[in-house]
Amino acid sequence: MQNAHERFGSLEFVKRTKDTTTRVRVHIDRAVLATPKDEGGQASAHLISMIAGDSEIGALWAAATEGALFQIHLPDQPSFAASLGPEAQCFRGSVMVPGRKRPVRHLVAMSAELAKTKPGADREGARTILCDDDPVFVLYRIASRYGLPVASEWAPWFMRELNQRKLIAPLLGLGCSPVLVKGNKQTFLKWIGRAVRARLIRIPAASGSINWKLPSTFLEQSNLQPTSEERPHDASVVAD
(Lines give C-alpha, C1' and ligand atoms only; values in the text may rest on other atoms or scores of the structure.)
Protein backbone atom coordinates (compact mmCIF):
# COMPACT_ATOMS: atom_id res chain seq x y z
CA MET A 1 0.00 0.00 0.00
CA GLN A 2 3.06 2.29 -0.02
CA ASN A 3 2.36 5.39 -2.14
CA ALA A 4 -1.05 3.95 -3.00
CA HIS A 5 -2.46 7.46 -3.42
CA GLU A 6 -0.24 7.93 -6.48
CA ARG A 7 -2.07 5.10 -8.26
CA PHE A 8 -5.50 6.64 -7.76
CA GLY A 9 -7.36 8.60 -10.38
CA SER A 10 -10.17 11.06 -9.84
CA LEU A 11 -13.72 11.54 -11.01
CA GLU A 12 -15.65 14.78 -11.03
CA PHE A 13 -19.37 15.25 -11.52
CA VAL A 14 -21.01 18.63 -12.02
CA LYS A 15 -24.76 19.16 -11.99
CA ARG A 16 -26.17 22.59 -12.72
CA THR A 17 -29.72 23.69 -12.03
CA LYS A 18 -31.36 27.05 -12.37
CA ASP A 19 -30.22 28.28 -8.96
CA THR A 20 -27.36 26.02 -7.88
CA THR A 21 -24.32 24.11 -9.09
CA THR A 22 -23.39 20.81 -7.43
CA ARG A 23 -19.80 19.62 -7.82
CA VAL A 24 -18.63 16.24 -6.53
CA ARG A 25 -15.04 15.00 -6.78
CA VAL A 26 -13.90 11.54 -5.61
CA HIS A 27 -10.94 9.17 -5.89
CA ILE A 28 -11.13 6.11 -8.16
CA ASP A 29 -8.94 3.02 -7.77
CA ARG A 30 -10.18 0.86 -10.67
CA ALA A 31 -11.53 1.76 -14.09
CA VAL A 32 -12.18 0.13 -17.46
CA LEU A 33 -12.79 2.57 -20.29
CA ALA A 34 -13.05 2.60 -24.08
CA THR A 35 -11.34 5.78 -25.22
CA PRO A 36 -13.05 8.05 -27.77
CA LYS A 37 -12.11 7.63 -31.44
CA ASP A 38 -11.46 11.33 -31.91
CA GLU A 39 -9.80 13.88 -29.65
CA GLY A 40 -12.26 15.67 -27.44
CA GLY A 41 -14.90 12.95 -27.86
CA GLN A 42 -16.77 11.12 -25.14
CA ALA A 43 -15.37 7.87 -23.72
CA SER A 44 -17.44 4.83 -22.80
CA ALA A 45 -16.92 3.78 -19.19
CA HIS A 46 -17.49 0.10 -18.41
CA LEU A 47 -16.35 -0.02 -14.79
CA ILE A 48 -15.53 2.65 -12.22
CA SER A 49 -14.63 1.88 -8.61
CA MET A 50 -14.70 4.94 -6.36
CA ILE A 51 -14.38 5.78 -2.67
CA ALA A 52 -15.71 8.81 -0.78
CA GLY A 53 -18.14 9.83 1.94
CA ASP A 54 -21.85 9.11 2.29
CA SER A 55 -23.15 12.19 0.48
CA GLU A 56 -20.69 11.95 -2.42
CA ILE A 57 -21.36 8.26 -3.03
CA GLY A 58 -25.12 8.83 -2.86
CA ALA A 59 -24.90 11.59 -5.46
CA LEU A 60 -22.70 9.53 -7.78
CA TRP A 61 -24.92 6.45 -7.46
CA ALA A 62 -27.84 8.52 -8.71
CA ALA A 63 -25.75 10.12 -11.47
CA ALA A 64 -24.40 6.78 -12.72
CA THR A 65 -27.85 5.17 -12.95
CA GLU A 66 -29.07 8.21 -14.90
CA GLY A 67 -26.26 7.89 -17.46
CA ALA A 68 -24.65 11.18 -16.42
CA LEU A 69 -21.39 12.45 -17.87
CA PHE A 70 -18.30 12.36 -15.64
CA GLN A 71 -14.93 14.04 -15.99
CA ILE A 72 -12.22 11.45 -15.37
CA HIS A 73 -8.52 11.94 -14.78
CA LEU A 74 -6.10 9.01 -14.64
CA PRO A 75 -2.43 9.19 -13.63
CA ASP A 76 -0.25 10.40 -16.52
CA GLN A 77 -3.31 10.82 -18.75
CA PRO A 78 -5.21 13.91 -19.93
CA SER A 79 -8.69 14.25 -18.45
CA PHE A 80 -11.69 13.26 -20.56
CA ALA A 81 -15.46 12.96 -20.35
CA ALA A 82 -17.04 9.51 -19.95
CA SER A 83 -20.43 7.96 -19.30
CA LEU A 84 -21.53 4.50 -18.18
CA GLY A 85 -24.48 4.73 -20.54
CA PRO A 86 -28.08 3.67 -19.94
CA GLU A 87 -29.03 0.90 -17.49
CA ALA A 88 -25.77 1.05 -15.55
CA GLN A 89 -25.61 -1.11 -12.44
CA CYS A 90 -24.21 0.08 -9.10
CA PHE A 91 -23.05 -1.75 -5.98
CA ARG A 92 -22.36 0.05 -2.71
CA GLY A 93 -20.36 -1.03 0.32
CA SER A 94 -18.17 0.19 3.18
CA VAL A 95 -14.44 -0.06 3.87
CA MET A 96 -13.08 0.23 7.40
CA VAL A 97 -9.86 2.26 7.50
CA PRO A 98 -7.58 2.11 10.59
CA GLY A 99 -7.60 5.41 12.44
CA ARG A 100 -11.01 6.50 11.16
CA LYS A 101 -14.15 6.37 13.28
CA ARG A 102 -16.46 6.03 10.30
CA PRO A 103 -16.03 3.69 7.33
CA VAL A 104 -15.25 4.96 3.87
CA ARG A 105 -18.04 4.37 1.37
CA HIS A 106 -17.28 2.38 -1.76
CA LEU A 107 -19.21 2.41 -5.04
CA VAL A 108 -18.64 0.13 -8.03
CA ALA A 109 -20.54 1.17 -11.16
CA MET A 110 -20.58 -0.89 -14.35
CA SER A 111 -22.09 -0.49 -17.78
CA ALA A 112 -24.94 -2.68 -19.03
CA GLU A 113 -22.58 -4.17 -21.63
CA LEU A 114 -20.11 -5.29 -18.98
CA ALA A 115 -22.89 -6.74 -16.82
CA LYS A 116 -23.99 -8.92 -19.75
CA THR A 117 -20.58 -10.62 -19.96
CA LYS A 118 -21.03 -12.55 -16.74
CA PRO A 119 -21.10 -16.36 -17.16
CA GLY A 120 -24.28 -17.58 -18.81
CA ALA A 121 -25.59 -14.10 -19.66
CA ASP A 122 -26.33 -12.91 -23.21
CA ARG A 123 -24.74 -15.92 -24.91
CA GLU A 124 -25.62 -14.47 -28.33
CA GLY A 125 -23.49 -11.38 -27.67
CA ALA A 126 -20.30 -10.96 -29.69
CA ARG A 127 -18.35 -8.55 -27.43
CA THR A 128 -16.79 -9.49 -24.11
CA ILE A 129 -15.08 -6.94 -21.86
CA LEU A 130 -12.46 -8.44 -19.53
CA CYS A 131 -10.44 -6.81 -16.73
CA ASP A 132 -7.24 -8.80 -17.41
CA ASP A 133 -5.33 -9.71 -20.58
CA ASP A 134 -3.68 -12.85 -19.20
CA PRO A 135 -4.22 -15.67 -21.79
CA VAL A 136 -5.50 -18.19 -19.21
CA PHE A 137 -7.91 -15.67 -17.73
CA VAL A 138 -9.18 -14.67 -21.20
CA LEU A 139 -9.90 -18.27 -22.19
CA TYR A 140 -11.50 -19.07 -18.82
CA ARG A 141 -13.89 -16.11 -18.95
CA ILE A 142 -14.83 -16.67 -22.60
CA ALA A 143 -15.44 -20.37 -21.91
CA SER A 144 -17.49 -19.57 -18.81
CA ARG A 145 -19.63 -17.02 -20.59
CA TYR A 146 -20.48 -19.18 -23.60
CA GLY A 147 -20.26 -22.65 -22.05
CA LEU A 148 -17.38 -23.73 -24.27
CA PRO A 149 -15.67 -27.13 -23.92
CA VAL A 150 -12.04 -26.13 -23.40
CA ALA A 151 -8.88 -27.09 -21.51
CA SER A 152 -6.67 -24.60 -19.68
CA GLU A 153 -3.57 -25.57 -21.69
CA TRP A 154 -5.27 -24.24 -24.83
CA ALA A 155 -4.81 -20.64 -23.63
CA PRO A 156 -1.69 -19.80 -25.73
CA TRP A 157 -3.35 -21.18 -28.87
CA PHE A 158 -6.56 -19.26 -28.19
CA MET A 159 -4.69 -15.99 -27.65
CA ARG A 160 -2.75 -16.48 -30.91
CA GLU A 161 -6.03 -16.97 -32.76
CA LEU A 162 -7.48 -13.79 -31.28
CA ASN A 163 -4.40 -11.74 -32.16
CA GLN A 164 -4.01 -13.13 -35.69
CA ARG A 165 -7.66 -12.46 -36.46
CA LYS A 166 -7.48 -9.03 -34.75
CA LEU A 167 -10.39 -9.91 -32.48
CA ILE A 168 -8.80 -8.67 -29.25
CA ALA A 169 -8.01 -5.06 -28.45
CA PRO A 170 -6.69 -3.32 -25.33
CA LEU A 171 -8.89 -0.95 -23.37
CA LEU A 172 -7.83 1.88 -21.08
CA GLY A 173 -7.52 0.66 -17.52
CA LEU A 174 -6.66 1.88 -14.04
CA GLY A 175 -5.37 -0.86 -11.73
CA CYS A 176 -5.95 -3.52 -14.39
CA SER A 177 -5.16 -4.47 -18.01
CA PRO A 178 -8.59 -4.70 -19.67
CA VAL A 179 -9.29 -6.00 -23.17
CA LEU A 180 -12.24 -6.30 -25.54
CA VAL A 181 -12.71 -9.71 -27.17
CA LYS A 182 -14.94 -10.05 -30.23
CA GLY A 183 -16.62 -13.27 -31.27
CA ASN A 184 -19.58 -15.46 -30.33
CA LYS A 185 -20.09 -19.07 -29.28
CA GLN A 186 -20.44 -20.39 -32.83
CA THR A 187 -17.20 -18.71 -33.89
CA PHE A 188 -15.19 -20.14 -31.02
CA LEU A 189 -16.64 -23.64 -31.43
CA LYS A 190 -15.53 -23.65 -35.08
CA TRP A 191 -12.01 -22.68 -34.02
CA ILE A 192 -11.90 -25.52 -31.49
CA GLY A 193 -13.14 -28.11 -33.99
CA ARG A 194 -10.61 -27.08 -36.65
CA ALA A 195 -7.73 -26.91 -34.19
CA VAL A 196 -8.46 -30.39 -32.79
CA ARG A 197 -8.60 -31.88 -36.29
CA ALA A 198 -5.35 -30.10 -37.21
CA ARG A 199 -3.79 -31.31 -33.93
CA LEU A 200 -2.99 -27.76 -32.86
CA ILE A 201 -4.65 -28.58 -29.55
CA ARG A 202 -5.43 -31.93 -27.96
CA ILE A 203 -8.30 -33.25 -25.90
CA PRO A 204 -7.09 -34.20 -22.39
CA ALA A 205 -6.81 -37.95 -21.90
CA ALA A 206 -8.22 -37.85 -18.38
CA SER A 207 -11.90 -37.06 -17.86
CA GLY A 208 -13.36 -34.91 -15.09
CA SER A 209 -13.08 -31.31 -13.96
CA ILE A 210 -10.35 -29.01 -15.26
CA ASN A 211 -8.47 -26.84 -12.76
CA TRP A 212 -7.63 -23.30 -13.80
CA LYS A 213 -4.68 -21.49 -12.27
CA LEU A 214 -5.87 -17.92 -12.68
CA PRO A 215 -3.97 -14.72 -12.01
CA SER A 216 -5.65 -12.36 -9.58
CA THR A 217 -3.87 -9.15 -10.58
CA PHE A 218 -7.11 -7.19 -10.40
CA LEU A 219 -7.47 -7.95 -6.68
CA GLU A 220 -3.81 -8.47 -5.86
CA GLN A 221 -3.07 -4.78 -6.35
CA SER A 222 -5.52 -4.05 -3.55
CA ASN A 223 -3.92 -6.67 -1.27
CA LEU A 224 -7.24 -8.50 -1.20
CA GLN A 225 -6.21 -11.86 -2.64
CA PRO A 226 -3.15 -14.12 -3.04
CA THR A 227 -1.29 -14.16 -6.35
CA SER A 228 -3.27 -16.96 -7.96
CA GLU A 229 -6.25 -19.19 -7.47
CA GLU A 230 -7.54 -22.48 -8.83
CA ARG A 231 -11.07 -22.96 -10.04
CA PRO A 232 -12.74 -26.07 -11.46
CA HIS A 233 -14.38 -26.06 -14.85
CA ASP A 234 -16.86 -28.90 -15.45
CA ALA A 235 -17.06 -28.90 -19.25
CA SER A 236 -16.39 -32.07 -21.20
CA VAL A 237 -14.37 -31.49 -24.37
CA VAL A 238 -16.20 -32.18 -27.63
CA ALA A 239 -15.17 -31.13 -31.14
CA ASP A 240 -17.13 -31.31 -34.36
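Figured I'd write up the structure that's included with this text. (Residues numbered from 1 in each chain as written. Predicted model: local features only at pLDDT ≥ 70, side-chain atom pairs only at ≥ 80, totals over all residues. Heavy atoms only, no water.)

It is worth spelling out the environment of Pro78 at this point. Tracing the sequence through the fold places Pro78 in the loop between strand S4 (69–73) and strand S5 (80–83). If we ignore the near neighbours within four places in the chain, the residues touching Pro78 are Ile72 and His73. (Helix = DSSP H or I, 4+ residues; strand = E, 2+ residues; numbered from the N terminus. Contact = heavy atoms within 4.5 Å.)

Before going further, it helps to examine the pattern of salt bridges. For the structure on display, the rule yields 4 salt bridges. Of the charged contacts in the structure, one is a salt bridge between Glu161 and Arg165, with a shortest N-O distance of 2.8 Å. Its relative accessible area of 40% is what places Arg165 among the partly exposed residues. (Salt bridge = Lys/Arg side-chain N within 4 Å of Asp/Glu carboxyl O. Buried < 20%, exposed > 50% of the residue type's maximum accessible area, 1.4 Å probe, protein only.)

For the rest of this paragraph, the subject is helix H3 (residues 135–146). In an α-helix there are 3.6 residues to a turn, and that puts residues three or four apart on one side. Compared with an ideal rise of 1.5 Å per residue, which puts 12 residues at 16 Å, H3 spans 17 Å between its outermost C-alpha atoms and is within 8% of the ideal. For H3, the full list of buried residues reads Phe137, Val138, Leu139, Tyr140, Arg141, Ile142, Ala143, Ser144, Arg145 and Tyr146. If you check the start of H3, you find a side-chain oxygen 3.0 Å away from the backbone N of Val136, and it comes from Asp134. Of the residues trailing H3, Gly147 is marked for its positive phi of about 70°. (Expected span 1.5 Å × (residues − 1). Polar contact = N/O pair within 3.5 Å; in protein donor to acceptor, adjacent residues only side chain to side chain.)

Between its first and last C-alpha, helix H1 (residues 54–65) extends 17 Å over 12 residues, near the 16 Å set by a 1.5 Å rise per residue. Ile57, Leu60, Ala63 and Ala64 are the residues of H1 that are buried. When H1 is viewed along its axis, its buried side chains cluster within an angular range of 125° and face the same direction. With its phi angle positive at about 75°, Gly67 sits one or two positions after the end of H1. (Arc of directions from axis to C-beta.)

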